[in-house]
Amino acid sequence: MADIVDTRTDAETALARAVETLGRGVPVAIPTETVYGLAADATNPQAITRIYEMKGRPRFNPLICHMADLAMAERHAVFDPLSRRLAEAFWPGPLTLVVPVRPESPIHPLARAGLDTVGIRVPTGIASRLLAAFDRPLAAPSANTSGRISPTTARHVADDFGDRLELVLDGGAAKVGLESTILKVEGETIRLLRPGGLDAAEIERVIGRPVTRNDKAGATIVAPGMLASHYAPDAPVRLDASDVKPGEVLIRFGGKALPGEAEAALVLDLSPAGDLAEAATNLFGYMKKADAVGARSIAFSPIPATGLGEAINDRLQRAAAPRG
Ligand code: TXA
Ligand code: MG
């Protein structure tokens, strides 16, 4: 089993161990405000290969490179004025920007799946301190086996990878609970490649421009996390439930009871108060809880599609999609 080192009690020791481990080309799981990431030196091809192998991830699916700040990001990629405005407004935070990589950047092509662009994110908290200490970009996809639910606690990560992982930094439960929102600026267009933990409406409000939804169905992989089946729990998922069947797990929203709850295996409420940010934080952990009680299936009651509800519904659609 991986060593779980608490960053809240002894950050210095945790950081020193992480830097040493990453320096050997070995991936380390780290907390971020969105979900836990499986981090490796983005300039080291062996280290990146280990990430793909550990996750069972297809190599055409590029990794997000994490940076300490915008200055570090600008050493590796070219920021047009609009991308820079987005970075200045929302970094550090749950936003990834896809920008052209500089030819001289040491980020290895394997991390970018050979693309001439790179997805960059500047996280908050201990991840930011680790990036400053390591002083190199960290490629970090969500720290889960490919296709499965993203981890929001150190325990989720350790359970998923077992002996295949040396070290998990524990920073407590992820605050946002959904992966970052991914944007790509194309000319004057801000394209949404993946809805996520930063509400697109908030981006529109702050930047004063529309965010264009990506509807280029069948186009080449623009953001392969957008594969149909993803974020899947073990149990099959039933959406827009208006009742719950005997033995099912119900995950509901807004404190609204559904017929049949007395015979449900378990009833969870993403946010009894109807707060979408709270629902986002709880979503993946509740799916894990449903699996842990051996759910026959998981019924979800409808969740509003506004604000963070866009990203929540995106993840639910993928969790419910036919498994490949
Ligand atoms: O919140 C997050 O974004 C988390 C934490 C750990 O930072 N990371 C994460 O990584 O969700 P991952 O690998 O699970 O998702 C990365 C997504 C994929 O859908 C990938 O296709 C997209 O980012 N991506 C990365 N680089 C890209 C690029 N150059 N062009 C288009 N999409 C890119
Ligand atoms: Mg992922």
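Keep in mind that this is a model prediction, so the values were computed, not measured. (Residues numbered from 1 in each chain as written. Chains lettered and ligands numbered in written order. Predicted model: local features only at pLDDT ≥ 70, side-chain atom pairs only at ≥ 80, totals over all residues. Heavy atoms only, no water.)

Engineer: I'd like to hear about the packing of helix α1 (residues 11-23) against helix α5 (residues 125-134), residue by residue, with values.
Structural biologist: As a packed pair, α1 and α5 sit with axes 10 Å apart at the nearest point and diverge in direction by 55°. Here α5 runs oblique to α1, going by the angle between their axes. In this structure, α1 crosses over α5, and the sense of that crossing is right-handed. Contact residues: A11, E12, L15, A18, V19, L22 and G23 in α1; I126, R129, L130, A133 and F134 in α5. Of the residues that constitute the contact of α1 with α5, the class distribution is nine nonpolar, one polar and two charged. (Axes fitted to C-alpha atoms, helices over the stretch in contact; angles between N-to-C directions. Helix = DSSP H or I, 4+ residues; strand = E, 2+ residues; numbered from the N terminus. Parallel < 35°, antiparallel > 145°, perpendicular 65-115°, else oblique. Left-handed = near helix turned anticlockwise from the far one by under 90°. Contact = heavy atoms within 4.5 Å. Nonpolar A, V, L, I, M, F, W, Y, C, P; charged D, E, K, R; others polar.)

Engineer: Could you give an account of the sheet that holds strand β13 (residues 249-252), with specific residues and numbers?
Structural biologist: Taken together, four strands build an open sheet; the order of strands is β12-β15-β13-β14 and the sheet is parallel. The two strands at the open ends of the sheet, each matched to only one other strand, are β12 (237-238) and β14 (266-269). Bridge count for β12 against strand β15 (residues 298-300) is two bridges, and the pairing is parallel. By the bridge assignment for β15, V237 is matched with I298. (Pairing = 2+ DSSP bridges.)

Engineer: Kindly report on the environment of A89, identifying the contributing residues and their values.
Structural biologist: Residue placement: A89 occurs in helix α4 (residues 81-90). Residue classification places A89 among the partly exposed residues on the basis of a relative accessible area of 38%. Distance in space between the C-alpha atoms of A89 and I207 is 8.2 Å, their sequence separation being 118 residues. Not counting the four nearest positions on each side in its chain, A89 is found in contact with V206 and I207. (Buried < 20%, exposed > 50% of the residue type's maximum accessible area, 1.4 Å probe, protein only.)

Engineer: Break down the nonpolar core for me, citing the residues and quoting the values.
Structural biologist: Residues F79, L86, W91, I120, L165 and L183 are the most contacted members of the largest nonpolar core, which totals 68 residues. Once residues lying within four places of it in the same chain are set aside, the contact partners of L183 are L86, L95, T96, L97, V98, I190, R191, L192, I203 and V211. In this structure, L178, Y231, L308 and I312 belong to the second largest nonpolar core, which totals 28 residues. (Core = buried A, V, L, I, M, F, W, Y, C linked by side-chain atoms within 4.5 Å.)

Engineer: Tell me about the packing of aromatic side chains, and name the residues and values.
Structural biologist: For the structure on display, the rule yields one aromatic pair. Aromatic pair F79 and W91: ring centres 6.0 Å apart, planes at 75°, arrangement edge-to-face. Residue F79 is found in the loop between α3 (70-76) and α4, and its partner W91 is found in the loop between α4 and β5 (95-100); the two are separated by twelve residues along the sequence. Both residues of the pair, F79 and W91, belong to the buried class. Taking the ring centre of F134 as reference, the NZ or CZ of R136 above it sits at 4.7 Å. (Phe/Tyr/Trp six-rings, centres within 6.5 Å; stacked < 30°, edge-to-face > 60°. Lys NZ or Arg CZ within 6 Å of the ring centre and 35° of its normal.)

Engineer: Requested: an account of the environment of G114, with residues and values cited.
Structural biologist: Relative to the assigned elements, G114 resides in the loop between β5 and β6 (117-121). According to the relative accessible area criterion, G114 is exposed, its value standing at 59%. Separated by 172 residues in sequence, G114 and Y286 place their C-alpha atoms 36 Å apart.

Engineer: Could you give me a rundown of helix α2 (residues 45-55), with the residues and numbers involved?
Structural biologist: Turning to α2, its buried residues are A47, I48, I51, Y52, M54 and K55. At its buried positions, α2 is contacted by β3 (37-41), β7 (138-139) and α6 (154-161). Looking one or two residues past α2, G56 carries a phi angle of roughly 65°, positive in sign.

Engineer: Let's hear about α1: which residues, and what values?
Structural biologist: Residue pairs spaced three or four apart in an α-helix point in one direction, given the helix's 3.6 residues per turn. Relative to the 18 Å expected for 13 residues at 1.5 Å per residue, α1 spans 18 Å between its end C-alpha atoms, a close match to the ideal helical length. Burial in α1 covers these residues: A11, A14, L15, A18, T21 and L22. Projected down its long axis, α1 shows its buried positions confined to an angular sector of 135°, all on one face. α1 presents E12 and G23 as exposed residues on the side facing more than 90 degrees away from its buried surface. Its buried side turned inward, α1 meets β1 (3-6), β2 (28-30), β3, α5, β7 and β8 (167-170). G25 sits one or two positions beyond α1 and adopts a positive phi of about 80°. (Expected span 1.5 Å × (residues − 1). Arc of directions from axis to C-beta.)

Engineer: Describe unusual backbone geometry, and please don't skip the residues or the numbers.
Structural biologist: Note that the residue after W91, namely P92, is joined by a cis bond; omega there is -5°. When you line up the elements, P92 lands in the loop between α4 and β5. Not every positive phi belongs to a glycine, and D135 is a case in point at roughly 65°.

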